[in-house]
Amino acid sequence: MPNIVSKSDFVDEISIPNDAQGFGGNSQSLTRFIAKYEPKFLAMLMGADFATLFVNGLNPPQIDPPTDPPTYEPIEQRWLDLDTPELETAIANYIYYYWMRNDESQSLGVGNAKTKNTNAELYSAKDKVSRAWHEMNCNAWKTVKFLKDNPDTYPEYVVPVWACFWQWGWEFEFFEFDATYWWFKKFYRMPDIFYPLSRL
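Not measured: the values here are computed from a predicted model.

Analysis parameters
- Residues numbered from 1 in each chain as written.
- Predicted model: local features only at pLDDT ≥ 70, side-chain atom pairs only at ≥ 80, totals over all residues.
- Heavy atoms only, no water.
- Helix = DSSP H or I, 4+ residues; strand = E, 2+ residues; numbered from the N terminus.
- Buried < 20%, exposed > 50% of the residue type's maximum accessible area, 1.4 Å probe, protein only.
- Contact = heavy atoms within 4.5 Å.
- Areas by Shrake-Rupley, 256 points an atom, 1.4 Å probe, with all protein chains shown as cover.
- Salt bridge = Lys/Arg side-chain N within 4 Å of Asp/Glu carboxyl O.
- Phe/Tyr/Trp six-rings, centres within 6.5 Å; stacked < 30°, edge-to-face > 60°.
- Axes fitted to C-alpha atoms, helices over the stretch in contact; angles between N-to-C directions.
- Parallel < 35°, antiparallel > 145°, perpendicular 65-115°, else oblique.
- Left-handed = near helix turned anticlockwise from the far one by under 90°.
- Nonpolar A, V, L, I, M, F, W, Y, C, P; charged D, E, K, R; others polar.
- Core = buried A, V, L, I, M, F, W, Y, C linked by side-chain atoms within 4.5 Å.

A. Quick look at the overall build of the protein. Each helix and strand counted, the protein has 8 helices and 2 strands in total. In the protein, the succession of α and β elements from N to C terminus is α-α-α-α-β-β-α-α-α-α. Counting the 200 residues in the protein, one finds 33% classified as buried. Relative to all contacts within the protein whose residues are 6 or more apart in sequence, the contacts with residues 24 or more apart total 66%. Surface summary for the protein: the accessible area is close to 12300 Å², and the carbon and sulfur share equals 54%.

The following block contains the structure:
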């Protein structure tokens, strides 16, 4: 499946050394992280079926019969409206979060070994991971709100039950129930991307 973000999106606060333009020893690794974590994020954000529809909508098929150079069916405006900078930033931050978690420990032949960093470097990495998760979390909620507010444009989107708690103004009650009752966690727990990092 084609990806929405690319290695060039990892700049500024979420820059990965030598990889913003696809150079360096981490290039192929970052490509694999994008391929792994972007679909996971989109499935949690909008449901697997709608996520597939969305990504396919951004990558329309080639016009038949084929032309030279190739021409493609036009992209529907609704998919362009959904592919916001906030959404792309959320995806990139989610991938960056897992990249940094993975980078903290270097996998060896036997077990894992912590990288030898100074306390200042570890503190800085923790700050970066927290900032990335927070920005991702905020933008994820913006995307859900946008989809909920436009049911006529996105009739295929199924509003999850847990999203109704925010619509009803039950934010506090949701977190209390989620932390207390096993049956609530089983049937109504939100995907992880919608929780503050401190709640995971």
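B. Structural context of the environment of Lys 128. Inspection of the secondary structure assignment puts Lys 128 in helix α5 (residues 119-148). Measuring from C-alpha to C-alpha, the distance between Lys 128 and Ile 14 comes to 7.7 Å, with 114 residues separating the pair along the chain.

C. Here's a closer look at unusual backbone geometry. Look at the link from Asp 68 to Pro 69: it is a cis peptide, with omega at 5°. Its place among the elements puts Pro 69 in the loop between α2 (48-58) and α3 (77-82). The backbone of Asp 12 shows a phi angle near 55°, a positive value even though the residue is not glycine. Among the structural elements, Asp 12 can be located in the segment before α1 (27-46). Relative accessible area serves as the criterion here: at 63%, Asp 12 is assigned to the exposed category.

D. Seen up close, the pattern of salt bridges. In the structure shown here, the tally under the stated rule is 4 salt bridges. Put simply, Glu 76 and Arg 78 hold a salt bridge, and the shortest N to O gap is 3.1 Å. Under the relative-accessibility criterion, Glu 76 is labelled partly exposed at 43%. On the basis of relative accessibility, which here comes to 15%, the residue Arg 78 falls in the buried class.

E. Representation of the environment of Pro 74. Residue position: Pro 74 is located in the loop between α2 and α3. For Pro 74, a relative accessible area of 66% translates into the label exposed. With 17 residues separating them in the primary sequence, Pro 74 and Gly 57 have C-alpha atoms 9.4 Å apart.

F. Representation of the packing of aromatic side chains in the model. In total, this model carries 16 aromatic pairs according to the counting rule given. These aromatic residues form a ring-pair network of at least three members: Phe 33, Tyr 37, Phe 41, Tyr 94, Tyr 97, Tyr 98, Trp 99 and Trp 133.

G. Expanded view of the packing of α1 against α2. With their axes 7 Å apart at the nearest point, α1 and α2 run at an angle of 120° to one another. Between α1 and α2, the interaxial angle falls into the category oblique. Here the hand of the crossing between α1 and α2 comes out right-handed. Contact residues: α1 offers Leu 42, Ala 43 and Met 46, while α2 offers Ala 48, Phe 50, Ala 51, Phe 54 and Val 55. The residue makeup of the contact of α1 with α2, split by class, is 8 nonpolar, no polar and no charged.

H. Structural view of the nonpolar core. By size, the foremost hydrophobic cluster in this structure holds 47 residues, and its most contacted members are Phe 10, Phe 41, Leu 42, Leu 45, Met 46 and Phe 194. Elements with a contribution of two residues or more to this core: α1, α2, α3, α4 (85-104), α5 and α6 (161-167). No other element matches α4, which puts 11 residues into this core. If sequence neighbours within four positions are ignored, Leu 45 has contacts with Leu 87, Ala 140, Thr 143, Val 144, Tyr 157, Ile 193 and Phe 194.

Such coordinate-based values are descriptive only and should not be taken to indicate function.
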